[in-house]
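Below are the chains, spelled out letter by letter.
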Amino acid sequence: MAGNEWMNGYLEAILDGGGANDDDDYTRQKKDSSVKSGVTVIPQLGAFNPARYFIDEVVHGTDETDLHHFWVKVTATKNPEERNTRLENLCWRIWHISRRKKKGKLEQSKRLQKLRQERERGRRDVTEDMSEDLSEGEKLGGDGQGLKLSESHYNLELLTEQSLKEKRLYVIMISLHGLVRGENMELGRDSDTGGQVKYVVEFAKGLAKMPEVYRVDLLTRQICSPEVDSSYGEPTEMLTSDQDEDILESGGAYIVRIPFGCKEKYIQKELLWPYIPEFVDGALGHILNISKALGDLIGDGTPVWPHVIHGHYADAGDAACLLSGALNVPMVLTGHSLGRNKLEQLLKQGLHSKEDINSTYKIMRRIEAEELCLDSAELVVTSTRQEIEEQWGLYDGFDLELNRKLRHRAKRGVHCYGRYMPRTTVIPPGMDFSNVEVHDENSDNDLDNDSVQLPESPLWGEIPRFLNNPSKPIILALARPDPKKNMATLVKAFGECIKLRKLANLGVFINPALVEPFGLTLIEAAAHGLPMVATKNGGPVDIERTLNNGLLVDPHNDKEIAAALYRLVVDKTLWAECRKNGLQNIHLYSWPQHCKIYLSRISQCRMRHPQWQSENDLNENMDSESDSGSFKDAPDTSLRLSLDADRPSRSSSLNSPFDLDKLLQNEENVGGISEHIRMIMEKTRDNQSKLRETNDVNSQEKQSLEHSNSLGSSGKLLLRRRKRLFVIAVDCYDAFGKPLVSRQAIIIQEIMTAVRSSGNFSSPGFILSTALTVSETISMLQSIGIKVSAFDALICSSGSQLLYTAGDNPDSAIYPDPDYDSHIDYRWGAEGLRKSMKKLRGPENSRFLVEDAKASNFHCLAYQVKNISTAPKADELRRQLRMRGLRCHVVYTQNCSRLSVLPLHASRSQALRYLYVRWGLDIANMYVFLGEKGDTDYEELIGGMHKTLILKGIVIDGSEKMLRSPTSYGSEDVFPSESPNIVSVTVSDDKEEFNTQQIIASLHWFEG
């Protein structure tokens, strides 16, 4: 701040008001008392001098740059008396700012202390939950069997680097905000178009040139606004030339622009959040088309799914989470900058309240997206270790100490009960050094020779007017005028060191920032042969360790800065060694090296992709699967030993206790199973049996489950032929959470009548989406006289179950989707969740939640809410589970009378995307009917490319009050307030009458 010109005028204006003639004894006395007490001393009002107080507080206590506006008013005032009054008011404002800053620091300290206490409590719970199994695992794993099996499973599950080289990968990258194009990037045009844009474009180009990669798609937003260049409205832009070597048909790198939001407007990143579901649906269509096309080219007719979906920044990470869940493809995240870190920095400044910060930056929505990314991502890429330890360490979903414990258990082959911490890796950003020209390093004498020819540059003509001796090489620093860049300390260090000023005969680059997240300028300096002096806080530590080309300093210590600069200036041997090391090692920051490291890291991501049985051989595969004893099923058994799973994969043959028995009996046929695995499997069998015994399903549901393996394709083929799907997802319950049967009957019948009588839809399909269990759903339909066969599919238990009806079956039988269980199984740890929920729901005699075995299923833990006043909000409960390494989806349903804990990617909205991927049912041709209120997953069903009809006047009350805490984000950050895909219609005023014509009119409007 000391270097700002306006501040000099600021102080001069104050001195003009009488501050220059103040008593020096008073100044010393105030300064001494301030130093001793550690706080600002406010003199008695009679002796108060506003000018001196202002100078002291501004210079020594605050860095308020926005006070410039008040200075303009002060200097514009001619009357000295009025001028002093304004100065006095200004001083009091600074005093209040100082108080606010101190209050902010105190609140920050309390927040961090609370976070530490909650984490420690979470770690204790985790240790206690796993203690029994730990002792068993240690005893059984003493001979190394547990570790051996775990490693064997790891090799089978993960794509090795050797096999990766034999493949041609398809990689998806997402960067949503800013203006993204391949050439002539408008970097700095606004705050959203900066270094991240350049990084993702060059990364995509570099990755596409690697022999392992066939195609890279960089997905971003299509913008057709007159405010920006028309190139941002082009749907596709090729980043690699057709003339490039090894670029095959449809291969290379592309920018793919997906329209979402209002594409006629440029929208800043803080306002993009409500439109992300729309992007996800559009991106899903693109990926499905490209995967099929690549399958025809290089996959022998089998779709080539993305190997990873890589989100850049929180908004793209949020989209990547939904795409990863819909496609069952691994997700990777690069945060670039993090919301919690920014929030802490802004609060520390004391300028704005948390509410103001949230309103301006949508910071709480951003933080929740980053937490969700930690839930979903298999790999988090950072630039430095500091980002992992000090920035991601602020998040509920990432705990370094718990991470070490879980990985240690996984290596020993011991249960983690579904607890998971994402894998992190440091990959420094790549750079293009093709345009860098480095002068030959001939000898030390050449470095001192004035005859050395420097490259011609317009800059050289501007420098002499600023320097007394322009022929003397300079100490170089590049930074924006920001107090965090610490330029004032550098100037002080250089100016107060006479020897340094006289002997600065060699070029040295310095970055003295208080904290530097990475430090690309340091790499650029090394590429030009300049040694560096840099801050020891942040990324430069890793850069210096890699390049070994300079010295690190405390940015707060001007003498240490001066000493380091002086040492490099006078010690020519050290200077030459640093220069040589930098030039020799700079290739480690090149794009080829960056991409090589990246590919080696994603090779360790689990090979997940959409995998299901074809319609023609569905029966044959399902019948034979239960009898299979092949070795391919054995790794799924040891999956319980891995870090992020604690039971066999539902995609394997281990679908029931019967299958576990069969595998145990046939262990000789699969090469033997260790005693450790046997105990784990037996424990799983017992847990499954216990769960099934407690589930009191009616006879029709039992019959449906028993006949799931004989599911014919007729029902689903009929579903696939539907050109329009109408999803009824109205959550209509009474005050006690019971379905309002009569009203539900009216809703279903009138919606079906409206659709069929509109005349626009031939052979429409219907889906019922509800929080009710399968048995509750069937019972409700029977009570209102509606056949199950009236629906093509049922989405039950808030998205944890998906069932189909055989439309021509007279018995109206329903059949579970045989692939849906494995699809939503990602990171599901039912046993760990059950243990943690038992602790979190309160003491035995005052529990606000009671487990509801009847409403539970394999992928849903249901609880009755006994005391809503003491029950935590859904976001707080999810936060507590995250801190224990458990990743899940928490939903309050049925007017807050039931709580459902589901797998991470299980939801009613994601079930619709599953139908899109599984059966090709275009989301844009889906119509979702909702009430004006609903369960806490209600908001997720509104946004997207599907058509949403909000029926007003039919829902009494919902569960939205239990969704989020008051300090979190609002619904305006989840779905748009205005969208051509969302229509609200009033269909009932007295809760009895139903206006069908309003629905018909809305359907006609959607159809144009």
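Above: the structure in question.
Structure report, in brief. Everything numeric in this text was worked out from a predicted model, so none of it was measured.

### Examining the packing of helix α33 (residues 830–840) against helix α34 (residues 874–882)
Right, so step 1: Where α33 meets α34, the closest approach of the two axes is 11 Å, and the angle between their N-to-C directions is 120°. The orientation of α33 with respect to α34, classified from their angle, is oblique. The two elements α33 and α34 cross, and the hand of that crossing is right-handed. Residues L833, S836, M837 and L840 of α33 pack against L877, Q880 and L881 of α34.
Right, so step 2: Grouping the constituent residues of the contact of α33 with α34 by class yields five nonpolar, two polar and no charged.

### Examining the nonpolar core
Right, so step 1: Core analysis: the largest hydrophobic core is formed by 97 residues, its most contacted members being I174, F279, L323, L327 and L915.
Right, so step 2: Looking at which element gives the most residues to this core, the answer is helix α10 (residues 313–327), with ten residues.
Right, so step 3: Setting aside anything within four residues of it in sequence, one finds F279 in contact with I174, L176, L219, T220, I258, F260, A319 and L323.
Right, so step 4: Counting residues in hydrophobic clusters, the runner-up holds 44 residues, among them Y733, L740, A754 and V774.

### Here we look at the pairing of strand β22 (residues 926–931)
Right, so step 1: Among the six residues of β22, six are classified as buried, and the element is accordingly described as predominantly covered.
Right, so step 2: Strand direction decides the pairing type here: strand β13 (residues 725–728) and β22, joined by four bridges, are parallel. Each residue of the ladder has a partner; that of F726, found in β22, is Y927.
Right, so step 3: Here β22 pairs with strand β23 (residues 947–952) via five bridges, running parallel. Each bridged residue has a counterpart across the sheet, and for G931 the counterpart in β23 is L951.

### Considerations on the sheet that holds strand β5 (residues 308–312)
Right, so step 1: In spatial order, the strands read β3-β4-β2-β1-β5-β6-β7-β8; together these eight strands make up an open sheet with mixed pairing. Of all the strands in the sheet, just β3 (236–238) and β8 (423–426) have a single pairing partner and so form its edges. Averaged over all pairs of adjacent strands, the angle between their axes in this sheet comes to 20°, without regard to strand direction.
Right, so step 2: With four bridges joining them, strand β1 (residues 169–174) and β5 adopt parallel strand pairing. Residue I172 lies in a different strand from β5, and its bridge partner there is I309.
Right, so step 3: Helix-sheet contacts for helix α9 (residues 276–298) involve β1, β2 (213–221) and β4 (252–258), and the interaxial angle to β2 is about 165°.

### Observations regarding the packing of helix α21 (residues 558–570) against helix α22 (residues 572–585)
Right, so step 1: The geometry of α21 relative to α22 is characterised by a closest axis approach of 5 Å and an angle of 95° between their N-to-C directions. Taken as axis vectors, α21 and α22 run roughly perpendicular relative to one another. Residues R567, L568 and V570 of α21 lie in contact with α22, whose contacting residues are K572, L574, W575 and C578.
Right, so step 2: Here the contact of α21 with α22 is built from residues that sort into five nonpolar, no polar and two charged.

### Quick notes on the sheet that holds strand β10 (residues 508–511)
Right, so step 1: Strand order across the open sheet formed by four strands is β9-β10-β11-β12, with parallel pairing between neighbours. The sheet is open, and its two edges are formed by β9 (475–476) and β12 (550–553), each paired on a single side.
Right, so step 2: Across three bridges, β10 lies against strand β11 (residues 532–535) in parallel orientation. Residue N511 lies in a different strand from β11, and its bridge partner there is A534.
Right, so step 3: Across the sheet, helix α20 (residues 540–547) is in contact with β11 and β12; its angle to β11 comes to roughly 150°.
Right, so step 4: Across the sheet, α21 touches β9, β10, β11 and β12, and the angle it forms with β12 is around 170°.

The rules we used
Residues numbered from 1 in each chain as written. Predicted model: local features only at pLDDT ≥ 70, side-chain atom pairs only at ≥ 80, totals over all residues. Heavy atoms only, no water. Axes fitted to C-alpha atoms, helices over the stretch in contact; angles between N-to-C directions. Helix = DSSP H or I, 4+ residues; strand = E, 2+ residues; numbered from the N terminus. Parallel < 35°, antiparallel > 145°, perpendicular 65-115°, else oblique. Left-handed = near helix turned anticlockwise from the far one by under 90°. Contact = heavy atoms within 4.5 Å. Nonpolar A, V, L, I, M, F, W, Y, C, P; charged D, E, K, R; others polar. Core = buried A, V, L, I, M, F, W, Y, C linked by side-chain atoms within 4.5 Å. Buried < 20%, exposed > 50% of the residue type's maximum accessible area, 1.4 Å probe, protein only. Pairing = 2+ DSSP bridges.

None of the figures reported here should be taken as evidence of function without further support.
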